[in-house]
Amino acid sequence: MTGSKSTTPIAVIGLGYVGLPLAVALARHFPTIGYDVDAARIDELRQGHDRTGEIDADVVTESTLSVTDDGAAIANAEVYIVTVPTPVDADNQPDLRLIRAACAGVGKLLTAGNIVVFESTVYPGVTEDICGPALAAASGLVCGQDFFLGYSPERINPGDREHTVDKITKVVAGQTAEVLDCLAALYGRVTAGGIHRAKDIKTAEAAKVIENAQRDINIAFVNEVAVICQKLDISAHDVLEAAGTKWNFLPFTPGLVGGHCIGVDPFYLAFQAQQLGHDPQIILSGRRLNDAMGDFVAACIDENMSGPGRVLLLGLTFKENVPDLRNTKVIDVVTGLTARGHQVVVHDPVADGAEAERLYGFPLLSSLDGQEGFDAVVGAVRHDGYLALTAADLAGIVREDGLIADIKGLWREMERPAGRHYWQL
Ligand SMILES: NC(=O)c1ccc[n+]([C@@H]2O[C@H](COP(=O)([O-])OP(=O)(O)OC[C@H]3O[C@@H](n4cnc5c(N)ncnc54)[C@H](O)[C@@H]3O)[C@@H](O)[C@H]2O)c1
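Owing to the predicted nature of the structure, the values given are computational and were not obtained by experimental measurement.

**Student:** Before we go on, may I ask you to explain the sheet that holds strand 4 (residues 79–82) in this structure?
**Tutor:** Hydrogen bonds between backbone groups are what pair the strands of a sheet, and the pairing can be parallel or antiparallel. Strand order across the open sheet formed by eight strands is 3-2-1-4-5-6-7-8, with mixed pairing between neighbours. Unpaired on one side and paired on the other, strand 3 (66–68) and strand 8 (195–197) mark the two borders of the sheet. Here the average twist between neighbouring strands, direction ignored, is 25°. Pairing geometry for strand 7 (residues 170–174) and strand 8, over three bridges, is parallel. When the bridges of strand 8 are listed, Lys-170 appears paired with Ile-195. Taken strand by strand, helix 1 (residues 19–27) contacts strand 1 (10–13), strand 2 (32–35) and strand 4, and its axis lies near 170° from that of strand 1. Sheet strands in contact with helix 5 (residues 126–139) are strand 5 (115–118) and strand 6 (148–151), and its direction is about 140° off that of strand 6.

**Student:** How should I be thinking about the pattern of salt bridges in this particular structure?
**Tutor:** Pairing is possible between side chains that carry opposite charge, provided their charged atoms lie close to one another. Applying the stated criterion across every chain yields a total of 20 salt bridges. Of the charged contacts in the structure, one is a salt bridge between Lys-170 and Glu-119, with a shortest N-O distance of 3.3 Å. Of this pair, Lys-170 sits in strand 7 while Glu-119 sits in the loop between strand 5 and helix 5; the two residues are 51 residues apart in sequence, bridging distant segments of the chain. Of the residues examined, Glu-119 reaches a relative accessible area of 2% and is grouped as buried. Arg-358 is the salt-bridge partner of Glu-355, the closest N and O atoms lying 3.7 Å from each other. Of this pair, Glu-355 and Arg-358 both sit in helix 12 (residues 353–360), three residues apart, which is roughly one turn of that helix. A relative accessible area of 19% places Glu-355 in the buried class. Each member of the salt-bridge network shares a partner with another, and the members are Asp-216, Arg-287, Asp-291 and Lys-329.

**Student:** Sorry if this is basic, but what is going on with the domain arrangement of the protein here?
**Tutor:** When the parts of a complex come together, some accessible area is lost, and that lost area is often used as the size of the interface. Here the protein is partitioned into domain 1 (5–198) and domain 2 (253–258 + 284–424). Once you take the C-alpha centre of each, domain 1 and domain 2 turn out to be 36 Å apart. Listed per partner, the contact involves six residues of domain 1 and five residues of domain 2. For the pair domain 1 and domain 2, the summed buried area comes to about 440 Å², and 52% of that belongs to carbon and sulfur atoms. Considering only the surface of domain 1 that becomes buried against domain 2, Tyr-17, Pro-158 and Gly-159 emerge as the three largest contributors, covering 69% of it. Where domain 1 packs against domain 2, one counts zero salt bridges. Put simply, domain 1 and domain 2 have two residue pairs in polar contact (both at pLDDT 80 or more) between them. Residue composition of the side of domain 1 that touches domain 2, by class: two nonpolar, three polar and one charged.

**Student:** Honestly, the packing of aromatic side chains in this entry has me stumped. Any pointers?
**Tutor:** Both the distance between ring centres and the angle between the ring planes are used here to describe each pair of aromatic rings. Inspection of every chain in the model, using the stated rule, returns three aromatic pairs. Consider the rings of Tyr-360 and Phe-362, whose centres lie 6.4 Å apart with planes at 25°: the pair is stacked. On the accessibility criterion, Tyr-360 (23% relative accessible area) is partly exposed. Using a relative accessible area of 17% as the deciding quantity, one classes Phe-362 as buried. Among the aromatic residues, ring-to-ring pairing joins Tyr-123, Tyr-268 and Phe-271 into one connected group. When the ring centre of Tyr-422 is taken as reference, the NZ or CZ atom of Arg-416 above it lies at 3.6 Å.

**Student:** Looking at this structure, I do not really get the sheet that holds strand 9 (residues 310–314). What am I missing?
**Tutor:** Ordered in space as 10-9-11-12-13, the five strands form an open sheet in which the pairing is parallel. Two strands close off the open sheet at either side, each with one partner strand: strand 10 (343–347) and strand 13 (421–424). The mean angle between the axes of side-by-side strands here comes to 20°, regardless of whether they run parallel or antiparallel. For strand 9 and strand 11 (residues 374–379), the ladder comprises four bridges, and the chain directions are parallel. Along strand 11, the bridge assignment pairs Leu-312 with Val-377. Against the sheet, helix 10 (residues 281–303) makes contact with strand 11, strand 12 (398–406) and strand 13, and its axis sits at roughly 160° relative to strand 13, the strand it touches most.

Conventions used here
Residues numbered from 1 in each chain as written. Predicted model: local features only at pLDDT ≥ 70, side-chain atom pairs only at ≥ 80, totals over all residues. Heavy atoms only, no water. Pairing = 2+ DSSP bridges. Helix = DSSP H or I, 4+ residues; strand = E, 2+ residues; numbered from the N terminus. Axes fitted to C-alpha atoms, helices over the stretch in contact; angles between N-to-C directions. Contact = heavy atoms within 4.5 Å. Salt bridge = Lys/Arg side-chain N within 4 Å of Asp/Glu carboxyl O. Buried < 20%, exposed > 50% of the residue type's maximum accessible area, 1.4 Å probe, protein only. Domains from an automatic or database assignment. Buried area = accessible area lost by both parts, 1.4 Å probe. Polar contact = N/O pair within 3.5 Å; in protein donor to acceptor, adjacent residues only side chain to side chain. Nonpolar A, V, L, I, M, F, W, Y, C, P; charged D, E, K, R; others polar. Phe/Tyr/Trp six-rings, centres within 6.5 Å; stacked < 30°, edge-to-face > 60°. Lys NZ or Arg CZ within 6 Å of the ring centre and 35° of its normal.

Next up, the structure:
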(Lines give C-alpha, C1' and ligand atoms only; values in the text may rest on other atoms or scores of the structure.)
Protein backbone atom coordinates (compact mmCIF):
# COMPACT_ATOMS: atom_id res chain seq x y z
CA MET A 1 0.00 0.00 0.00
CA THR A 2 1.49 3.31 -1.00
CA GLY A 3 0.77 6.98 -0.48
CA SER A 4 -0.88 8.71 2.44
CA LYS A 5 -3.45 6.55 4.21
CA SER A 6 -6.41 8.77 3.49
CA THR A 7 -5.89 8.36 -0.24
CA THR A 8 -5.65 4.58 -0.11
CA PRO A 9 -8.44 3.22 -2.34
CA ILE A 10 -10.43 0.49 -0.60
CA ALA A 11 -12.90 -2.01 -2.04
CA VAL A 12 -15.45 -3.83 0.11
CA ILE A 13 -16.67 -7.11 -1.38
CA GLY A 14 -20.20 -8.07 -0.27
CA LEU A 15 -22.53 -5.27 0.86
CA GLY A 16 -24.76 -7.04 3.37
CA TYR A 17 -25.31 -6.55 7.11
CA VAL A 18 -21.54 -6.38 7.62
CA GLY A 19 -20.20 -4.93 4.38
CA LEU A 20 -22.49 -1.94 3.92
CA PRO A 21 -22.03 -0.32 7.36
CA LEU A 22 -18.29 -0.94 7.08
CA ALA A 23 -18.09 0.53 3.57
CA VAL A 24 -20.08 3.61 4.61
CA ALA A 25 -17.79 4.09 7.63
CA LEU A 26 -14.64 3.63 5.51
CA ALA A 27 -15.92 6.07 2.91
CA ARG A 28 -15.76 8.84 5.53
CA HIS A 29 -11.97 8.48 5.55
CA PHE A 30 -10.90 6.74 2.33
CA PRO A 31 -11.94 6.59 -1.31
CA THR A 32 -14.15 3.51 -1.02
CA ILE A 33 -16.05 1.40 -3.49
CA GLY A 34 -18.48 -1.34 -2.54
CA TYR A 35 -19.03 -4.34 -4.79
CA ASP A 36 -21.88 -6.86 -4.58
CA VAL A 37 -22.88 -9.61 -7.01
CA ASP A 38 -26.55 -8.86 -6.30
CA ALA A 39 -27.55 -6.28 -8.95
CA ALA A 40 -30.90 -5.62 -7.22
CA ARG A 41 -29.08 -4.75 -4.00
CA ILE A 42 -26.85 -2.30 -5.89
CA ASP A 43 -29.88 -0.67 -7.57
CA GLU A 44 -31.60 -0.25 -4.21
CA LEU A 45 -28.48 1.23 -2.61
CA ARG A 46 -28.11 3.69 -5.49
CA GLN A 47 -31.61 4.85 -4.62
CA GLY A 48 -30.66 5.18 -0.96
CA HIS A 49 -32.53 2.09 0.24
CA ASP A 50 -30.82 -0.39 2.55
CA ARG A 51 -33.17 -3.35 2.86
CA THR A 52 -31.34 -4.59 5.98
CA GLY A 53 -32.40 -1.44 7.82
CA GLU A 54 -28.88 -0.89 9.19
CA ILE A 55 -28.14 2.37 7.38
CA ASP A 56 -30.69 5.18 7.07
CA ALA A 57 -31.58 6.46 3.60
CA ASP A 58 -30.04 9.91 4.15
CA VAL A 59 -26.75 8.35 5.27
CA VAL A 60 -26.63 6.11 2.19
CA THR A 61 -27.37 8.97 -0.22
CA GLU A 62 -25.00 11.43 1.46
CA SER A 63 -22.13 8.92 1.66
CA THR A 64 -19.23 9.26 -0.75
CA LEU A 65 -19.30 5.47 -1.08
CA SER A 66 -19.75 4.34 -4.64
CA VAL A 67 -21.34 0.95 -5.25
CA THR A 68 -21.16 -1.42 -8.19
CA ASP A 69 -22.10 -4.88 -9.38
CA ASP A 70 -19.27 -4.78 -11.92
CA GLY A 71 -16.34 -6.79 -10.57
CA ALA A 72 -13.85 -5.01 -12.81
CA ALA A 73 -14.78 -1.62 -11.32
CA ILE A 74 -12.88 -2.34 -8.10
CA ALA A 75 -9.61 -3.09 -9.87
CA ASN A 76 -7.83 0.04 -8.63
CA ALA A 77 -8.17 -0.77 -4.92
CA GLU A 78 -5.06 -1.23 -2.82
CA VAL A 79 -6.91 -2.84 0.08
CA TYR A 80 -9.69 -5.36 -0.55
CA ILE A 81 -11.98 -6.21 2.36
CA VAL A 82 -14.08 -9.36 1.94
CA THR A 83 -17.41 -9.53 3.80
CA VAL A 84 -19.28 -12.31 1.99
CA PRO A 85 -21.44 -14.92 3.77
CA THR A 86 -19.93 -18.05 5.33
CA PRO A 87 -22.93 -20.35 5.91
CA VAL A 88 -23.12 -24.05 6.70
CA ASP A 89 -24.50 -26.69 4.35
CA ALA A 90 -27.40 -29.07 5.03
CA ASP A 91 -25.09 -31.20 7.19
CA ASN A 92 -23.93 -28.19 9.22
CA GLN A 93 -20.49 -28.30 7.60
CA PRO A 94 -18.75 -25.02 6.61
CA ASP A 95 -19.79 -23.94 3.13
CA LEU A 96 -16.86 -21.89 1.83
CA ARG A 97 -18.08 -21.60 -1.75
CA LEU A 98 -18.88 -17.88 -1.53
CA ILE A 99 -15.58 -16.94 0.08
CA ARG A 100 -13.73 -19.03 -2.51
CA ALA A 101 -15.69 -17.28 -5.29
CA ALA A 102 -14.80 -13.90 -3.79
CA CYS A 103 -11.12 -14.93 -3.74
CA ALA A 104 -11.28 -16.01 -7.37
CA GLY A 105 -12.76 -12.61 -8.31
CA VAL A 106 -10.40 -10.48 -6.21
CA GLY A 107 -7.40 -12.59 -7.23
CA LYS A 108 -7.84 -11.60 -10.86
CA LEU A 109 -7.54 -7.94 -9.88
CA LEU A 110 -4.57 -8.09 -7.52
CA THR A 111 -1.41 -6.12 -8.19
CA ALA A 112 1.85 -5.99 -6.26
CA GLY A 113 1.57 -4.55 -2.76
CA ASN A 114 -2.17 -5.11 -2.34
CA ILE A 115 -3.65 -6.32 0.93
CA VAL A 116 -6.70 -8.59 1.14
CA VAL A 117 -8.49 -8.50 4.48
CA PHE A 118 -11.19 -10.99 5.43
CA GLU A 119 -14.00 -10.00 7.77
CA SER A 120 -16.21 -13.02 7.10
CA THR A 121 -16.44 -15.36 10.08
CA VAL A 122 -14.37 -18.49 9.47
CA TYR A 123 -12.58 -21.18 11.43
CA PRO A 124 -8.90 -20.56 12.23
CA GLY A 125 -6.78 -21.28 9.19
CA VAL A 126 -9.22 -20.39 6.41
CA THR A 127 -7.57 -17.06 5.60
CA GLU A 128 -4.04 -18.42 5.27
CA ASP A 129 -4.66 -22.03 4.21
CA ILE A 130 -7.60 -21.58 1.82
CA CYS A 131 -7.97 -17.91 0.84
CA GLY A 132 -4.26 -17.15 0.41
CA PRO A 133 -3.68 -20.05 -2.03
CA ALA A 134 -6.95 -19.24 -3.88
CA LEU A 135 -5.87 -15.60 -4.33
CA ALA A 136 -2.40 -16.70 -5.41
CA ALA A 137 -3.82 -19.14 -7.96
CA ALA A 138 -6.15 -16.52 -9.46
CA SER A 139 -3.54 -13.75 -9.52
CA GLY A 140 -0.37 -15.63 -10.37
CA LEU A 141 1.25 -13.65 -7.53
CA VAL A 142 3.01 -14.92 -4.44
CA CYS A 143 1.10 -14.62 -1.15
CA GLY A 144 3.17 -12.94 1.58
CA GLN A 145 5.58 -11.54 -0.98
CA ASP A 146 3.59 -9.83 -3.76
CA PHE A 147 0.30 -9.44 -1.91
CA PHE A 148 -0.58 -9.80 1.76
CA LEU A 149 -3.37 -11.13 3.94
CA GLY A 150 -5.17 -9.61 6.89
CA TYR A 151 -8.07 -10.63 9.09
CA SER A 152 -10.37 -8.44 11.11
CA PRO A 153 -13.44 -10.08 12.60
CA GLU A 154 -16.70 -8.22 12.46
CA ARG A 155 -18.73 -7.76 15.64
CA ILE A 156 -21.76 -5.81 14.49
CA ASN A 157 -25.10 -6.89 15.85
CA PRO A 158 -28.03 -6.36 13.45
CA GLY A 159 -30.58 -3.89 14.78
CA ASP A 160 -28.14 -2.57 17.41
CA ARG A 161 -27.58 1.17 16.92
CA GLU A 162 -25.23 1.39 19.94
CA HIS A 163 -22.45 -1.08 19.11
CA THR A 164 -21.81 0.14 15.58
CA VAL A 165 -18.69 -0.41 13.47
CA ASP A 166 -17.41 3.10 14.26
CA LYS A 167 -17.61 2.60 18.03
CA ILE A 168 -16.53 -0.95 18.85
CA THR A 169 -13.05 -2.28 19.54
CA LYS A 170 -11.74 -3.82 16.33
CA VAL A 171 -9.51 -6.88 16.44
CA VAL A 172 -6.96 -6.71 13.62
CA ALA A 173 -4.33 -9.18 12.39
CA GLY A 174 -1.85 -9.06 9.53
CA GLN A 175 0.40 -11.49 7.72
CA THR A 176 3.44 -9.37 8.55
CA ALA A 177 4.22 -6.66 11.13
CA GLU A 178 4.04 -4.00 8.39
CA VAL A 179 0.63 -5.19 7.22
CA LEU A 180 -0.61 -5.20 10.82
CA ASP A 181 0.62 -1.60 11.28
CA CYS A 182 -1.08 -0.58 8.08
CA LEU A 183 -4.40 -2.25 8.97
CA ALA A 184 -4.32 -0.97 12.56
CA ALA A 185 -3.92 2.55 11.15
CA LEU A 186 -6.67 1.99 8.58
CA TYR A 187 -9.25 0.60 11.02
CA GLY A 188 -8.10 3.09 13.65
CA ARG A 189 -9.45 5.85 11.41
CA VAL A 190 -12.85 4.15 11.30
CA THR A 191 -13.52 3.28 14.92
CA ALA A 192 -13.31 5.32 18.09
CA GLY A 193 -13.42 2.06 20.08
CA GLY A 194 -9.73 1.28 19.66
CA ILE A 195 -7.76 -1.46 17.92
CA HIS A 196 -6.69 -4.78 19.41
CA ARG A 197 -3.69 -6.13 17.55
CA ALA A 198 -4.10 -9.90 17.54
CA LYS A 199 -0.93 -11.98 17.66
CA ASP A 200 -1.60 -13.45 14.23
CA ILE A 201 -4.36 -14.19 11.74
CA LYS A 202 -5.35 -17.56 13.25
CA THR A 203 -5.72 -15.93 16.67
CA ALA A 204 -8.05 -13.28 15.28
CA GLU A 205 -10.10 -15.90 13.41
CA ALA A 206 -10.36 -18.01 16.56
CA ALA A 207 -11.32 -15.02 18.73
CA LYS A 208 -14.34 -14.27 16.57
CA VAL A 209 -15.63 -17.78 16.31
CA ILE A 210 -15.35 -18.42 20.07
CA GLU A 211 -17.15 -15.16 20.89
CA ASN A 212 -20.24 -16.51 19.16
CA ALA A 213 -19.76 -20.09 20.36
CA GLN A 214 -19.60 -18.79 23.93
CA ARG A 215 -22.88 -16.95 23.46
CA ASP A 216 -24.52 -20.02 21.94
CA ILE A 217 -23.44 -22.21 24.85
CA ASN A 218 -24.63 -19.71 27.45
CA ILE A 219 -28.03 -19.50 25.77
CA ALA A 220 -28.13 -23.31 25.56
CA PHE A 221 -27.63 -23.42 29.33
CA VAL A 222 -30.58 -21.13 30.05
CA ASN A 223 -32.64 -23.04 27.48
CA GLU A 224 -31.91 -26.21 29.41
CA VAL A 225 -32.92 -24.36 32.59
CA ALA A 226 -36.16 -23.40 30.80
CA VAL A 227 -36.86 -27.03 29.89
CA ILE A 228 -36.30 -28.09 33.52
CA CYS A 229 -38.49 -25.23 34.79
CA GLN A 230 -41.33 -26.35 32.50
CA LYS A 231 -41.23 -29.73 34.17
CA LEU A 232 -41.19 -28.04 37.60
CA ASP A 233 -44.11 -25.84 36.53
CA ILE A 234 -42.23 -22.65 37.42
CA SER A 235 -41.22 -19.80 35.13
CA ALA A 236 -37.63 -19.77 33.87
CA HIS A 237 -37.90 -15.99 33.54
CA ASP A 238 -38.82 -15.70 37.23
CA VAL A 239 -35.95 -18.04 38.17
CA LEU A 240 -33.44 -16.10 36.04
CA GLU A 241 -34.66 -12.81 37.45
CA ALA A 242 -34.05 -14.06 40.99
CA ALA A 243 -30.64 -15.60 40.13
CA GLY A 244 -29.71 -12.42 38.26
CA THR A 245 -29.55 -10.49 41.53
CA LYS A 246 -26.22 -12.23 42.21
CA TRP A 247 -23.30 -10.03 41.20
CA ASN A 248 -21.64 -12.57 38.96
CA PHE A 249 -24.66 -14.32 37.43
CA LEU A 250 -24.57 -13.97 33.63
CA PRO A 251 -27.72 -12.44 32.12
CA PHE A 252 -28.89 -14.68 29.27
CA THR A 253 -32.50 -15.37 28.34
CA PRO A 254 -33.99 -18.55 26.92
CA GLY A 255 -35.34 -18.67 23.39
CA LEU A 256 -34.79 -19.61 19.78
CA VAL A 257 -31.27 -19.22 18.38
CA GLY A 258 -31.45 -18.45 14.68
CA GLY A 259 -29.73 -16.15 12.21
CA HIS A 260 -26.45 -16.76 10.46
CA CYS A 261 -24.00 -16.04 13.29
CA ILE A 262 -24.70 -17.53 16.72
CA GLY A 263 -26.43 -20.59 15.30
CA VAL A 264 -23.82 -21.16 12.59
CA ASP A 265 -20.37 -20.09 13.79
CA PRO A 266 -20.07 -22.83 16.47
CA PHE A 267 -20.33 -25.39 13.67
CA TYR A 268 -17.24 -23.81 12.08
CA LEU A 269 -15.30 -24.24 15.31
CA ALA A 270 -16.65 -27.77 15.80
CA PHE A 271 -15.70 -28.72 12.24
CA GLN A 272 -12.14 -27.64 12.77
CA ALA A 273 -11.90 -29.29 16.19
CA GLN A 274 -12.96 -32.56 14.57
CA GLN A 275 -10.42 -32.09 11.78
CA LEU A 276 -7.82 -31.85 14.54
CA GLY A 277 -9.07 -35.02 16.22
CA HIS A 278 -10.94 -33.38 19.09
CA ASP A 279 -14.59 -34.12 19.83
CA PRO A 280 -16.12 -30.68 20.65
CA GLN A 281 -18.70 -31.96 23.13
CA ILE A 282 -19.84 -28.73 24.78
CA ILE A 283 -20.04 -26.81 21.52
CA LEU A 284 -22.11 -29.45 19.74
CA SER A 285 -24.38 -30.22 22.68
CA GLY A 286 -25.13 -26.49 22.93
CA ARG A 287 -26.03 -26.49 19.25
CA ARG A 288 -28.23 -29.58 19.61
CA LEU A 289 -30.07 -28.12 22.56
CA ASN A 290 -30.67 -24.76 20.92
CA ASP A 291 -31.73 -26.33 17.64
CA ALA A 292 -34.31 -28.45 19.47
CA MET A 293 -35.98 -25.46 21.19
CA GLY A 294 -38.44 -24.67 18.39
CA ASP A 295 -40.05 -28.08 18.55
CA PHE A 296 -39.95 -28.06 22.36
CA VAL A 297 -41.84 -24.76 22.36
CA ALA A 298 -44.38 -26.13 19.85
CA ALA A 299 -44.96 -29.16 22.10
CA CYS A 300 -45.49 -26.92 25.15
CA ILE A 301 -47.99 -24.74 23.29
CA ASP A 302 -49.80 -27.83 22.01
CA GLU A 303 -50.03 -29.28 25.53
CA ASN A 304 -51.52 -26.03 26.81
CA MET A 305 -54.26 -25.98 24.16
CA SER A 306 -57.44 -28.00 24.39
CA GLY A 307 -56.92 -29.57 20.95
CA PRO A 308 -55.90 -28.65 17.41
CA GLY A 309 -56.92 -25.07 16.62
CA ARG A 310 -56.13 -21.81 14.88
CA VAL A 311 -52.91 -20.23 16.08
CA LEU A 312 -51.70 -16.70 15.36
CA LEU A 313 -47.93 -16.49 15.61
CA LEU A 314 -46.48 -13.02 16.15
CA GLY A 315 -43.04 -12.58 14.58
CA LEU A 316 -41.03 -14.63 12.09
CA THR A 317 -37.65 -12.88 11.81
CA PHE A 318 -34.63 -14.41 13.51
CA LYS A 319 -34.43 -11.57 16.03
CA GLU A 320 -36.29 -8.52 17.19
CA ASN A 321 -36.71 -5.41 15.04
CA VAL A 322 -34.63 -6.71 12.10
CA PRO A 323 -36.12 -7.85 8.78
CA ASP A 324 -33.79 -10.85 8.34
CA LEU A 325 -35.77 -14.06 7.84
CA ARG A 326 -32.84 -16.32 6.98
CA ASN A 327 -32.35 -19.26 9.31
CA THR A 328 -35.09 -18.11 11.67
CA LYS A 329 -35.94 -20.79 14.21
CA VAL A 330 -39.51 -19.52 14.54
CA ILE A 331 -40.08 -21.71 11.51
CA ASP A 332 -39.50 -24.76 13.75
CA VAL A 333 -42.39 -23.59 15.95
CA VAL A 334 -44.59 -23.23 12.85
CA THR A 335 -43.59 -26.70 11.66
CA GLY A 336 -44.02 -28.23 15.12
CA LEU A 337 -47.50 -26.76 15.56
CA THR A 338 -48.57 -27.72 12.04
CA ALA A 339 -47.34 -31.28 12.59
CA ARG A 340 -49.52 -31.41 15.72
CA GLY A 341 -52.60 -30.53 13.70
CA HIS A 342 -52.82 -26.77 14.27
CA GLN A 343 -53.57 -24.22 11.59
CA VAL A 344 -50.92 -21.52 11.89
CA VAL A 345 -51.12 -17.94 10.61
CA VAL A 346 -48.01 -15.77 10.90
CA HIS A 347 -47.85 -12.00 11.36
CA ASP A 348 -44.68 -9.92 11.06
CA PRO A 349 -44.69 -6.19 10.31
CA VAL A 350 -40.89 -6.00 10.07
CA ALA A 351 -40.32 -8.85 7.61
CA ASP A 352 -40.81 -8.74 3.84
CA GLY A 353 -43.89 -10.82 2.95
CA ALA A 354 -42.58 -11.75 -0.49
CA GLU A 355 -39.36 -13.06 1.03
CA ALA A 356 -41.30 -15.12 3.59
CA GLU A 357 -43.32 -16.63 0.77
CA ARG A 358 -40.15 -17.39 -1.20
CA LEU A 359 -38.22 -18.88 1.72
CA TYR A 360 -40.98 -20.68 3.60
CA GLY A 361 -43.92 -20.93 1.21
CA PHE A 362 -46.58 -19.10 3.20
CA PRO A 363 -47.87 -15.51 3.21
CA LEU A 364 -47.47 -13.13 6.15
CA LEU A 365 -50.17 -11.04 7.74
CA SER A 366 -48.93 -7.46 7.79
CA SER A 367 -51.72 -6.08 10.01
CA LEU A 368 -53.52 -7.34 13.10
CA ASP A 369 -56.67 -5.40 12.24
CA GLY A 370 -59.68 -7.68 12.27
CA GLN A 371 -57.73 -10.69 13.56
CA GLU A 372 -59.90 -12.33 16.23
CA GLY A 373 -61.22 -15.60 17.58
CA PHE A 374 -57.90 -17.48 17.51
CA ASP A 375 -57.46 -20.47 19.82
CA ALA A 376 -53.95 -19.26 20.64
CA VAL A 377 -51.67 -16.31 20.05
CA VAL A 378 -47.92 -16.85 20.28
CA GLY A 379 -45.42 -14.05 20.99
CA ALA A 380 -42.42 -15.42 19.11
CA VAL A 381 -40.21 -12.37 18.43
CA ARG A 382 -39.60 -9.39 20.70
CA HIS A 383 -40.52 -6.73 18.11
CA ASP A 384 -41.30 -3.36 19.72
CA GLY A 385 -44.83 -3.46 18.30
CA TYR A 386 -45.61 -6.66 20.21
CA LEU A 387 -44.30 -5.24 23.48
CA ALA A 388 -46.82 -2.43 23.02
CA LEU A 389 -49.82 -4.78 22.74
CA THR A 390 -52.29 -4.41 25.62
CA ALA A 391 -54.32 -7.00 27.47
CA ALA A 392 -57.36 -5.75 25.53
CA ASP A 393 -55.53 -6.25 22.21
CA LEU A 394 -54.68 -9.85 23.12
CA ALA A 395 -58.20 -10.53 24.39
CA GLY A 396 -59.46 -9.29 21.03
CA ILE A 397 -57.23 -11.76 19.17
CA VAL A 398 -57.77 -14.85 21.36
CA ARG A 399 -61.18 -16.35 22.08
CA GLU A 400 -62.48 -16.97 25.60
CA ASP A 401 -60.62 -19.87 27.21
CA GLY A 402 -57.90 -19.60 24.51
CA LEU A 403 -54.15 -19.46 25.10
CA ILE A 404 -51.66 -16.61 25.18
CA ALA A 405 -48.25 -18.22 24.67
CA ASP A 406 -45.25 -16.05 25.43
CA ILE A 407 -41.92 -17.41 24.19
CA LYS A 408 -39.94 -14.22 24.80
CA GLY A 409 -41.44 -12.98 28.08
CA LEU A 410 -43.12 -10.17 26.14
CA TRP A 411 -46.16 -9.81 28.33
CA ARG A 412 -44.83 -10.94 31.70
CA GLU A 413 -45.57 -7.66 33.40
CA MET A 414 -48.95 -7.17 31.76
CA GLU A 415 -52.16 -7.61 33.71
CA ARG A 416 -53.45 -10.70 31.88
CA PRO A 417 -56.80 -10.53 30.11
CA ALA A 418 -59.56 -12.39 31.96
CA GLY A 419 -60.70 -15.77 30.69
CA ARG A 420 -57.50 -16.58 28.75
CA HIS A 421 -54.76 -19.02 29.71
CA TYR A 422 -51.17 -17.84 29.77
CA TRP A 423 -48.07 -19.93 29.08
CA GLN A 424 -44.53 -18.66 29.01
CA LEU A 425 -41.20 -20.31 28.29
N1 LIG B 1 -24.79 -10.26 10.15
C2 LIG B 1 -24.08 -10.23 11.25
O3 LIG B 1 -24.57 -9.86 12.30
C4 LIG B 1 -22.63 -10.59 11.26
C5 LIG B 1 -21.85 -10.20 12.35
C6 LIG B 1 -20.51 -10.53 12.37
C7 LIG B 1 -19.98 -11.28 11.34
N8 LIG B 1 -20.76 -11.69 10.30
C9 LIG B 1 -20.12 -12.44 9.22
O10 LIG B 1 -19.91 -11.55 8.14
C11 LIG B 1 -20.05 -12.24 6.89
C12 LIG B 1 -21.11 -11.57 6.06
O13 LIG B 1 -22.36 -11.64 6.73
P14 LIG B 1 -23.58 -10.70 6.37
O15 LIG B 1 -24.57 -10.90 7.45
O16 LIG B 1 -23.11 -9.33 6.06
O17 LIG B 1 -24.10 -11.40 5.03
P18 LIG B 1 -25.24 -10.86 4.05
O19 LIG B 1 -25.85 -12.06 3.45
O20 LIG B 1 -26.08 -9.83 4.72
O21 LIG B 1 -24.42 -10.07 2.92
C22 LIG B 1 -23.47 -10.64 2.12
C23 LIG B 1 -23.45 -9.95 0.77
O24 LIG B 1 -22.39 -10.52 0.01
C25 LIG B 1 -22.82 -10.61 -1.33
N26 LIG B 1 -21.95 -11.56 -2.02
C27 LIG B 1 -21.96 -12.91 -1.97
N28 LIG B 1 -20.95 -13.41 -2.70
C29 LIG B 1 -20.29 -12.35 -3.24
C30 LIG B 1 -19.16 -12.22 -4.09
N31 LIG B 1 -18.48 -13.27 -4.53
N32 LIG B 1 -18.76 -10.97 -4.44
C33 LIG B 1 -19.45 -9.88 -4.00
N34 LIG B 1 -20.52 -9.96 -3.20
C35 LIG B 1 -20.93 -11.16 -2.81
C36 LIG B 1 -24.28 -10.98 -1.24
O37 LIG B 1 -24.99 -10.67 -2.40
C38 LIG B 1 -24.74 -10.16 -0.02
O39 LIG B 1 -25.26 -8.90 -0.39
C40 LIG B 1 -20.37 -13.70 7.26
O41 LIG B 1 -19.18 -14.41 7.34
C42 LIG B 1 -20.97 -13.57 8.65
O43 LIG B 1 -20.82 -14.75 9.40
C44 LIG B 1 -22.08 -11.35 10.22
